[in-house]
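# Geometric and topological summary
Residue-level listing of the chains:
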Amino acid sequence: MKLNIEGQVNVYYVQTLCMIFYPGEKFSEDSEITPNTPVLDLKVQESEDGYTVDAALTQGDKAASTQKIYHWRDDVDKDRLLKLALGDAILTICGEVCGYRPSWGMLTGVRPSKVATDLLKKGISKTRVKKILSSDYFVIPKKAALATDVALNEARLIASPQKKDCSVYIAIPFCPTRCAYCSFVSYTSKRLLSLIPEYLAKLCDEVKDVFACIDRLGLNVKTVYIGGGTPTILEPDQLRMLLSVIAESTDVANLEEYTLESGRPDTITAEKFAVAKQYGVTRVSVNPQILCDEVLQGIGRAHNSEQFYQAFELARQAEFKVINTDLIAGLPGDKFSTFAASFDRILALHPENITVHTFCVKKSAEILQKDSKIYDIRGGDTGKCVDYSQIKSMHEGYKPYYMYRQKNTVGNFENVGLATEGNEGLYNIYMMEEVHSIFAAGAGAVSKAVDYRPADGSKPFIKRFFNDKYPYEYLRNENGKQKLEEIERFYLERSLLD
Ligand code: SF4
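Quick caveat, the model's predicted, so the values are computed rather than measured.

So, on to the state of the cysteines. In the structure shown here, the tally under the stated rule is zero disulfides. Summary of cysteine pairing: C98 is not part of a disulfide, and the nearest cysteine sulfur, belonging to C94, is at 5.8 Å. The buried category is assigned to C98, whose relative accessible area is 15%.

Take a look at the structure:
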């Protein structure tokens, strides 16, 4: 895509808006211009009254142009006003040329409920927030309602963040086989899986160090999340080794939530769940993705629907407080009828938590090598699937409490966590809303030190610390202790221990 911009504008923001309509587009000055290359001319002028944006787009034989005038407003600062004017102009012309109206309007960020959260914090009513999302940000009404509901539920769940609260994340980046759409760092080959014992030994040492650091700082651990990969790839004895280290390091009975992401039904056994239950795990996820064996096969998931039912039953028998099930809308080869039938069958099992993701293909996924046009902005049946999951689950007493978006999702739709009252996935919210520090252990894990309410009244301050990404590097290097020292320094420097 070619951009010709006149005036003081954040070019990256303009590119992000364009990518709502042209996902994956390159904006390099040197890229070759073909007759079908979209060309955007943008002129921004600031005057005593406000901003005037003139925009024109041509692509092949299609063309559109508009002028938007935004006057200064008391309720919106200068930067925000320019963003609104640019969003309005670009959505108008791109929408006309592409014949497409994005559900989320000009909201391009990871957390579409953030604008609603900010408005609610200013004391604006729920009804008015929905109206502002529709009128200023061009979010369609049902998504404006969803964003507002999520913002209200999140606000209830994180009502009073404490500076001494924290959570712990532990990474097991190994899986029995690789799904074709996977873009995570997860080792799956026989040779790499043979690293598990060595990895586990090192991980257990790091977990001990992490909890010792938390103790020195006098912090309260609210949640522990063991994620993957697929943590239940560990054999029962290996799982016991890890969980016993955690149980010796913190009072697991006092945690608000203790999650073992089990994910792949083909790794779950009664013995593994018995170990998890014995060591205090309260939440597991058992993920069917879709209850259709043909679609599962097509995406290279090495399990079938029957294995999901068996694994779910094992989770019920183990009496975990919360079972989460993940589903994906918009999988290749799936259609509305299959998704709706899968969703109904999941609802009939009454999991406390259901997370509905929209299919997302990152560049590194194997499936993209075979079909580079796997997603498009309209998303086929996917919007219907996403709507169905939200409407149907809300009728059954679930509430949306957590939402995020990713790049390159089919139809640009969202991922939503739905839960029955009191069964929300708290770690997910704490991590997404960055209300307290996350101490992360293992390969690829990212720790976040959070000063949520700086003493000088400024915005929350967050510093990230990255572990080595790949298990091989993680085993070779020693950066865990240094990371913890830096986090301790963060707490001291920002006087968070008083
Ligand atoms: S189970 Fe998850 S992490 Fe593992 S290969 Fe499949 S998508 Fe990737």
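That covers the picture; the talk isn't over yet.
Before going further, it helps to spend a moment on the packing of aromatic side chains. Counted according to the given criterion, the structure contains 18 aromatic pairs. Ring centres 5.8 Å apart and planes at 80 degrees place the aromatic pair F21 and Y100 in the edge-to-face group. Of this pair, F21 sits in helix α1 (residues 11–21) while Y100 sits in the loop between α2 (78–98) and α3 (114–121), placing them 79 residues apart in sequence. Their ring planes at 80 degrees and their centres at 6.4 Å tell us that F343 and Y388 sit as a pair that is edge-to-face. Here F343 is found in helix α12 (residues 336–348), whereas its partner Y388 is found in helix α14 (residues 382–395), with 45 residues between them in sequence. Here a set of aromatic residues connected by ring pairs shows up, and it is made of F336, F339, F343 and Y388. The ring of Y13 carries K83 above its face, with NZ or CZ at 5.1 Å from the centroid.

Before going further, it helps to spend a moment on the side chain of E434. Locating E434 in the fold gives a position in the loop between α15 (426–433) and β13 (437–441). Setting aside its immediate chain neighbours within four residues, E434 contacts I429, K448, V450, Y452, I462 and R464.

Right, let's get into the sheet that holds strand β1 (residues 2–6). Strand order in the open sheet made by the four strands is β1-β2-β3-β4, with mixed pairing throughout. Two strands in the sheet have a free side with no partner beyond their single neighbour: β1 and β4 (62–71). In this sheet, adjacent strand axes meet at a mean angle of 10 degrees when their direction is disregarded. Bridge count between strand β3 (residues 50–59) and β4: 10 bridges; the pairing is antiparallel. Bridge assignment links A55 to a residue of β4, and that residue is T66. Across the sheet, α2 touches β2 (39–46), β3 and β4, and the angle it forms with β4 is around 160 degrees.

Right, let's talk about the domain arrangement of the protein chain for a bit. For the protein chain, the domain assignment lists domain 1 (1–100), domain 2 (102–152) and domain 3 (165–440). Each of domain 2 and domain 3 has a C-alpha centre, and these two points are 27 Å apart. Taken together, both faces of the contact between domain 2 and domain 3 bury some 1,200 Å²; the carbon and sulfur share is 54%. Looking at the side of domain 2 facing domain 3, the largest losses of area belong to R111, L146 and V150, adding up to 40% of the total buried there. Along the contact surface separating domain 2 from domain 3 lie four salt bridges.

On to the site of the ligand, then. Around the ligand sit C175, T177, R178, C179, Y181, C182, F184, G229, T230, R264 and R301, and that is every residue in its neighbourhood. Class assignment of the residues belonging to the shell around the ligand gives a composition of five nonpolar, three polar and three charged.

Orientation of helix α4 (residues 126–137) relative to helix α5 (residues 141–157), taken along the N-to-C sense of each, is 135 degrees, at an axis distance of 9 Å. Here α4 is positioned oblique relative to α5, judged by the angle of their axes. In this structure, α4 crosses over α5, and the sense of that crossing is right-handed. The residues of α5 that touch α4, namely those facing K126, V129, K130, L133 and S134, are P141, A144, A145, A147, T148, D149 and L152.

Before going further, it helps to spend a moment on helix α9 (residues 270–278). Within the sequence span of α9, burial applies to K272, F273, V275 and A276. For α9, the angular spread of the buried residues around the axis is 155 degrees, confining them to a single face. Summarising the geometry of α9, the exposed residues directed more than 90 degrees from the buried face are E271 and Q278. A positive backbone phi angle near 95 degrees is found at G280, which sits one or two residues after α9.

Moving on: the pairing of β2. Note that β1 and β2 share five bridges and pair parallel. Opposite N4, over in β2, you have D41 as the bridge partner. Of the strand pairs in this sheet, β2 and β3 are connected by eight bridges, and their pairing is antiparallel. In the sheet register, Q45 faces β3, and the bridge partner there is T52.

Thresholds, definitions, all that
Residues numbered from 1 in each chain as written. Predicted model: local features only at pLDDT ≥ 70, side-chain atom pairs only at ≥ 80, totals over all residues. Heavy atoms only, no water. Disulfide = S-S within 2.5 Å. Buried < 20%, exposed > 50% of the residue type's maximum accessible area, 1.4 Å probe, protein only. Phe/Tyr/Trp six-rings, centres within 6.5 Å; stacked < 30°, edge-to-face > 60°. Helix = DSSP H or I, 4+ residues; strand = E, 2+ residues; numbered from the N terminus. Lys NZ or Arg CZ within 6 Å of the ring centre and 35° of its normal. Contact = heavy atoms within 4.5 Å. Pairing = 2+ DSSP bridges. Axes fitted to C-alpha atoms, helices over the stretch in contact; angles between N-to-C directions. Domains from an automatic or database assignment. Buried area = accessible area lost by both parts, 1.4 Å probe. Salt bridge = Lys/Arg side-chain N within 4 Å of Asp/Glu carboxyl O. Near = heavy atom within 4 Å. Nonpolar A, V, L, I, M, F, W, Y, C, P; charged D, E, K, R; others polar. Parallel < 35°, antiparallel > 145°, perpendicular 65-115°, else oblique. Left-handed = near helix turned anticlockwise from the far one by under 90°. Arc of directions from axis to C-beta.

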